[in-house]
Amino acid sequence: MDDLEKAILISFDESGAVDSALKVQAVAYCQQFKETPSICSICIERLCFSKLVQVQFWCLQCLHEVLRVRYSSMGPEEKSFIRKSVFSLGCYESIDDKNLVRVLDGPAFIKNKLAQVIVTLIYFEYPMIWPSVFVDFLSNLSKGVVVIDMFCRVLNALDDEVISMDYPRSQEEVSVSGRIKDAMRQQCISQVVRAWYDILLMYRNSDPDLCCSVLDSMRRYVSWIDIGLIANDTFVGLLFELTLASGFHDQLSGAAAGCIHAVAAKRMDPKAKLTLLQSLQIRRVFSLVAEDNDSELVSSVASLLTGYSTEVLECLKRLNSEDGKALSTELLNEVLPSVFYVMQNCEIDETFSIVQFLSGYVGTLKSLVPLTETQSHHVGQILEVIRSQIRFDPAYRNNLDVLDKIGREEEDRMAEFRKDLFVLLRSVGRVAPDATQIFIRNSLASAVASNGDVDVEEIEAALSLLYAFGESLTDETMKTGNGLLGELIPMLLSTKFPCHNNRLVALIYLETVTRYMKFFQENTQYIPLVLSAFLDERGIHHPNSNVSRRASYLFMRVVKLLKAKLVPYLETILQSLQDTVAQFTTIYASSKELSGCEDGSHIFEAIGLLIGMEDVPLEKQSEFLSALLTPLCQQVEALLLNAKAQNPEESPAKIANIQQIIMAINALSKGFSERLVTASRPAIGLMFKQTLDVLLRILIIFPKIEPLRCKVTSFIHRMVDILGSSVFPYLPKALEQLLAESEPKELAGLLVLLNQLICKFNTGVRDILEEVYPAIASRVFNVLPRDAFPTGPGSNTEEIRELQELQRTFYTFLHVIATHDLSSAFLSSKSRVYLDPMMQLVLRASCNHKDIVVRKACVQIFIKLIKDWCARPYGEEKVPGFRSFVIEAFATNCCLYSVLDKSFEFRDANTLVLFGEIVMAQKVMYEKFGNDFLVHFVSKGFPSAHCPQDLAEQYCQKLQGNDIKALKSFYQSLIENLRRQQNGSLVFR
């Protein structure tokens with residue numbers, strides 16, 4: 001063994017016993033060896049003598065690479081040597097008398113690599129230089145199995161590497177593929193087909209694996225060779241014989257079926273195709289699917305039947321003659337029962353293809369209404385197929401019920417798998433609505449009558465069909481309950497399945513009831529049954545927490561939809577929910593108890609929506625609300641009272657308990673409107689104010705618990721919505737507590753709350769804002785970096801993301817203040833100290849913030865402040881220094897330099913809007929500052945941008961005119977002109 005062989009063995013070692021440094025050295029040595037001028041001769045020599053498969057593989061891989069990269073630079077003699085040597089190896093011949101090793105005696109991967117090398121030569125040389133390659137191979141097939149197998153590998157490699165369009169191909173590869181196919185058609189393909197036939201006849205009994213290889217090659221080539229070579233009585237007869245051979249080699253029968261499929265799928269004129277399909281007499285394979293339901297052969301036959309059916313359907317669509325349509329329909333009617341049988345009874349991989357075919361078939365029926373008896377029967381069969389396919393496998397029943405990892409995966413898989421089947425169901429529903437409703441009615445009736453514990457999957461499937469069918473119904477159809485809906489929905493509501501404790505059945509039952517909610521809007525007599533479904537053990541009181549959680553959410557949706565229609569049942573509903581609500585009025589409810597109804601918010605929101613209606617008498621409303629709020633507030637007070645004496649280990653549970661209560665009260669409040677709470681029924685408003693008073697104490701007792709601060713902030717948002725200006729007395733204390741020791745994330749939340757207040761009450765919050773703004777500015781400028789945020793590795797931390805979010809929210813906050821006539825808040829005695837850092841921050845953002853929306857907001861801030869703080873030219877300065885800052889810093893840097901930068905992309909819609917604001921800013925500056933602005937901008941800014949004098953003069957004229965659109969258009973062309981001169985060298989610093 002020489003150094004090269006040793007290096008090859010080391011480089012291929014996967015045992016881990018070889019030192020990694022030595023392995024790297026070996027790989028480098030092998031790589032270097034490839035650069036040897038005589039590398040091809042060396043590789044061929046090794047292939048003749050080395051029995052080491054690693055060495056054989058390396059040599060063949062090396063030949064393959066060298067041919068691909070260096071073929072054009074090789075001399076004729078070298079090419080001839082490689083060609084003769086490689087072909088000899090492929091035909092089991094000796095290269096010379098000393099040839100001791102036969103490559104074809106090696107493993108499959110060696111033979112495949114040799115086939116790849118031969119195909120590379122064919123790519124470059126056939127038919128111009130090496131026209132006889134296929135004919136020469138055919139003459140060597142008499143040597144037996146080894147060479148026949150190699151010939152098949154070469155044909156398959158040629159398909160994979162050059163011909164098949166299943167892989168992306170370059171223009172050159174497509175051209176080479178065409179050249180090779182044309183030459184083969186002209187020269188040798190008929191001989192190749194004859195060889196395939198002879199081999200199949202000779203080896204069908206003695207070597208089925210070899211025959212499978214031949215059939216695999218043949219299947220690949222059928223699409224582009226003369227179909228008459230295969231589609232004749234002799235060859236097709238043989239293929240059917242092999243497919244139908246009873247008790248024989250399944251793989252061989254399947255491969256033969258694959259070839260028949262390829263013949264059926266051959267692209268051709270529809271009239272000729274239909275004749276071909278008829279000649280196949282496909283009925284011959286129908287018996288195979290009934291004999292064995294889960295063999296490999298059945299999967300191949302299923303694929304054949306689907307492909308055949310698809311082709312017949314395509315002929316039906318494309319042919320216009322009555323005869324053609326009649327024959328297509330006849331062939332479809334013949335094959336469809338077998339397709340349906342396969343779908344319902346066999347384990348196959350072709351489900352998706354069959355569903356696609358059935359969707360196409362149903363599509364053709366749309367224009368054929370009314371349907372014939374046969375077509376109606378087919379529709380019924382398609383519905384049966386859908387029902388059988390959407391059923392869960394009983395083997396996963398327990399996994400799906402407890403929803404473990406396996407159950408979750410199976411549920412996700414089925415959800416994806418069912419999508420196309422439900423689309424098919426909706427299509428059938430449109431073509432044959434009556435038949436579909438009858439089928440679903442019968443499925444539901446069968447499920448109602450079934451043994452629940454045994455037929456869990458059957459019941460779930462029937463309910464899923466009813467649910468999916470609802471998606472295809474119009475609102476009008478659902479409201480009126482036309483057809484069988486008037487029978488189906490009551491049947492659904494009045495049923496308690498024995499397997500209702502099963503998670504999947506319970507969930508789809510509730511989802512289906514919710515789906516048909518518009519039916520109950522019109523048919524209110526069924527509302528008691530709807531309420532029972534949600535409030536008894538089928539819904540909110542279901543033993544499975546997943547079901548009860550979902551039921552709570554769905555019930556909230558039902559309440560939103562039916563609302564006033566539920567008022568007569570209000571006391572019944574509240575009584576049924578008493579135990580669920582009680583979990584929140586029991587101090588230190590365990591996390592296990594709480595998990596049963598999520599955070600309770602959906603139930604409380606539903607209750608709030610019900611008792612918050614004006615249809616409920618004030619007395620009752622107050623009674624219901626008090627019954628809910630009083631115990632919840634008492635629980636919070638008790639928790640706060642004992643807070644300091646708490647055992648640290650108990651604290652997290654109690655904090656979680658408080659969170660739950662705040663979320664419940666928050667949700668409850670969503671049912672009450674501002675008009676009801678403040679105007680028509682102020683007593684209700686007083687109850688919420690008392691609640692707010694209690695919850696604000698949480699901020700004092702737990703000042704550093706972020707989740708609690710966030711929940712209280714969220715509740716204040718709600719109170720601002722419903723209490724209106726009567727919330728003002730509570731705000732100073734609340735804002736002071738929220739601002740104390742606030743982290744960036746909490747501070748951003750506080751700014752959002754202030755934005756809500758300003759947008760709702762405008763100048764009504766001036767006093768509150770002037771009081772709180774200095775503290776906010778101080779906190780923000782302390783935590784935000786003075787320069788830009790860091791970029792690069794390690795800069796995308798949660799801390800930096802929170803600071804960036806705070807900065808964005810602060811810009812919005814400043815914008816809201818400025819645009820709601822509250823800019824005086826920036827000028828109070830306590831706020832003045834923050835005016836300069838604020839201006840610098842807004843200036844930087846207006847010039848170069850990466851978010852265009854932020855830049856636009858900052859420009860708008862400047863526009864509003866100029867309007868607020870600056871009188872007409874030469875008037876008294878309200879804010880000393882502001883005028884000169886705007887003219888010298890903002891005008892030049894934002895309105896000129898930032899737009900000159902090439903990153904300012906005029907083709908972007910948002911950037912164009914920003915540009916419009918920048919132009920508007922110039923107009924406002926001219927109105928307020930007159931020539932002070934114009935002279936500085938034109939005499940200081942424009943010269944630094946090398947603006948020609950004539951363009952500067954035109955700018956002055958446009959600015960002094962009244963046409964803002966003309967100014968914007970001119971200024972854009974001016975900037976683009978200056979950019980071309982400067983090549984974008986000016987940027988804001």
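Summary of the structure given here.

What counts as what
Residues numbered from 1 in each chain as written. Predicted model: local features only at pLDDT ≥ 70, side-chain atom pairs only at ≥ 80, totals over all residues. Heavy atoms only, no water. Helix = DSSP H or I, 4+ residues; strand = E, 2+ residues; numbered from the N terminus. Buried < 20%, exposed > 50% of the residue type's maximum accessible area, 1.4 Å probe, protein only. Polar contact = N/O pair within 3.5 Å; in protein donor to acceptor, adjacent residues only side chain to side chain. Contact = heavy atoms within 4.5 Å. Salt bridge = Lys/Arg side-chain N within 4 Å of Asp/Glu carboxyl O. 1 Å grid on protein atoms, 1.4 Å probe; cavity = no way out; pocket = protein on both sides within 12 Å on 5 of 7 lines; lining within 4 Å. Points joined across faces, edges and corners; volume = space filled by probe spheres on them. Nonpolar A, V, L, I, M, F, W, Y, C, P; charged D, E, K, R; others polar.

**Observations regarding the side chain of K273**
Note that K273 resides in helix α14 (residues 270–280). The exposure class of K273 is buried, given its relative accessible area of 4%. Side-chain polar atoms of K273 contact the backbone oxygen of A264, separated by 3.2 Å. Discounting residues that sit within four places of it in the chain, K273 has contacts with A264, A265, K266, M268, E311 and C315.

**Describing the pattern of salt bridges**
The final tally for this structure, using the stated rule, is 45 salt bridges. In this structure, the salt-bridge partner of D198 is R194, at a minimum N-O distance of 3.2 Å. Taken together, the residues span about one helical turn, with D198 and R194 both in helix α10 (residues 189–203) at a distance of four residues. Looking at D198, the relative accessible area reads 32%, which means it is partly exposed. Here D536 ties to K496 by a salt bridge, and the two come within 3.6 Å at their closest N and O atoms. Placement of D536 in the loop between α28 (527–535) and α29 (545–562) and of K496 in the loop between α25 (485–493) and α26 (503–515) is noted, with a sequence separation of 40 residues between them. Through salt bridges with shared partners, a single ionic network connects D159, D160, D216, R219 and R220.

**Section: empty space enclosed by the protein**
Tallied over the full model, the rule gives two cavities of 30 Å³ or more. Roughly 60 Å³ of internal volume is contained in the largest cavity. Forming the walls of the largest cavity are F392, R397, L400, V456, E457, E460, N502 and L504. Those elements that provide at least two residues to the lining of the largest cavity are α20 (397–402) and α23 (456–470). Per-element tally for the lining of the largest cavity: the top contributor is α23, with three residues. Quantified by volume, the second largest cavity comes out at close to 30 Å³. Along its surface, the second largest cavity is lined by W869, C870, A871, E877, K878, V879, F882 and R883. Counted by class, the lining of the second largest cavity contains five nonpolar, no polar and three charged residues.

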